[in-house]
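# Residue-level structural notes
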Amino acid sequence: MIIDVHTHINNYHEDRVVSLEECLNKLTESMEENKVDYSLVLTSYKVNEHRPSTKRVVEAVADRKNLGVVAGISYLNYNHRDLYEISDFLEQGLIKGLKLYPGYEPFYPNDNRLKVVYDMAVEFDVPVMFHSGDTYSPTGRVKYSHPLHIDDVAVDNPDMKIVICHVGNPWIKDCMEVVYKNNHVHADFSGLVLGNFSDKFERFMKKELEEMITYAGDPKYLLYGTDWPISNMKSYLNFMKQLDLPEEKKELILWKNAAELFKIDVSKL
């Protein structure tokens, strides 16, 4: 069983527009090729011809039982109508979590403006995922996406489930401490590379993740994610095989932690 908690269907090559249906077909084809059973599709903090709205994605995946949706929320642009729509999706069980993009948008995660979002996540018992670490775009501002900022959120919202995306790379040791200190904080290791792992970088990241697990303990907090299509699924699974962990620990990372956290009924897959 494999669950990928971090995929996108944005057009990252914005010189051409690919339909939402075509993007979803490419995702499911890649999943089939790599024997991935279920993926979460994370929508964007902005909506345009290259980045479909959460509503469009929810409608598009309705008949695709191996895909779930995490709703991207914009710090700069959300309003009461957006929150009402998202709460309605949550109430109907149509989305599995929420995603915020500090670094891509200029805000710190402990900003009071987000309290309504965090309260909503607690009410519906869904995780909030945070972009953390480096940004794909050179116009991002990484001072906002340092994983240490998530500690404030965790302390102020002890009942909220949190996911630090990309293990805060390159600040993996800082992410390690936040995860170790706060029982309700998780991390995914998506988006560590563009495309495929090189042998040298694979060895480097293998050491980093193994050190994180040594420090933070039993990897009940660690989630498998790729950031597809930015990162290649096959290369990611090969990286996962290289980790010096017993098979039962790899199972936790590959699907068991995600199934529990995002309430994914694996019996239906």
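Residues numbered from 1 in each chain as written. Predicted model: local features only at pLDDT ≥ 70, side-chain atom pairs only at ≥ 80, totals over all residues. Heavy atoms only, no water.

### Things to note about helix α9 (residues 247–261)
Taking 1.5 Å per residue, 15 residues should reach 21 Å; α9 reaches 20 Å between its end C-alpha atoms and fits that length. The sharpest bend along α9 reaches about 50 degrees and sits at I253. Of the residues making up α9, those classed as buried are K250, L252, I253, L254, W255, N257, A258, A259 and L261. In this structure, the buried residues of α9 make contact with β1 (3–7), β6 (162–164), β7 (185–188), α7 (199–216), β8 (222–223) and α8 (233–242). (Helix = DSSP H or I, 4+ residues; strand = E, 2+ residues; numbered from the N terminus. Expected span 1.5 Å × (residues − 1). Bend = angle between axes of the 7 residues up to and from the residue. Buried < 20%, exposed > 50% of the residue type's maximum accessible area, 1.4 Å probe, protein only. Contact = heavy atoms within 4.5 Å.)

### A word on unusual backbone geometry
Each neighbour pair has its own omega, and for N169 with P170 the value is 15 degrees, a cis peptide bond. In this structure, the amide linkage connecting W228 to the following residue, P229, adopts the cis form with an omega of 10 degrees. Mapped onto the fold, P229 is located in the loop between β8 and α8. Even without being glycine, D227 reaches a positive phi, approximately 75 degrees.

### Brief notes about the side chain of N257
Here N257 lies in helix α9. Under the relative-accessibility criterion, N257 is labelled buried at 3%. When residues no more than four places from it in sequence are discounted, the contact partners of N257 are P219, K220, Y221, L222, L223 and L252.

### Considering the nonpolar core
Grouped together as the largest cluster of nonpolar side chains are 89 residues, with contacts concentrated most on L98, V167, F189, M212 and F262. Among the elements that line this core, the one with the most residues is α9, at 6 residues. Dropping the residues within four chain positions of it, V167 is found in contact with I172, C175, A187, D188, F189, L192, L209, M212 and L222. (Core = buried A, V, L, I, M, F, W, Y, C linked by side-chain atoms within 4.5 Å.)

### Notes on the pattern of salt bridges
Counting across every chain of the model gives 13 salt bridges. Close ionic contact of K55 with E59 constitutes a salt bridge, the shortest N to O distance being 2.8 Å. Placement of both K55 and E59 in helix α2 (residues 54–60) is noted, with a separation of 4 residues, approximately one turn of the helix. Take K55: its relative accessible area is 39%, and that puts it in the partly exposed class. Across the salt bridge formed by E211 and K207, the nearest N and O atoms sit 2.8 Å from each other. Separated by 4 residues within a single helix, E211 and K207 lie in helix α7, roughly one turn from each other. A residue is classified by how much of its surface remains accessible, and E211, at 29% relative accessible area, is partly exposed. For K207, a relative accessible area of 48% puts it in the partly exposed group. Beyond isolated ion pairs, a larger network of salt bridges with shared partners links D125, K161 and K263. (Salt bridge = Lys/Arg side-chain N within 4 Å of Asp/Glu carboxyl O.)

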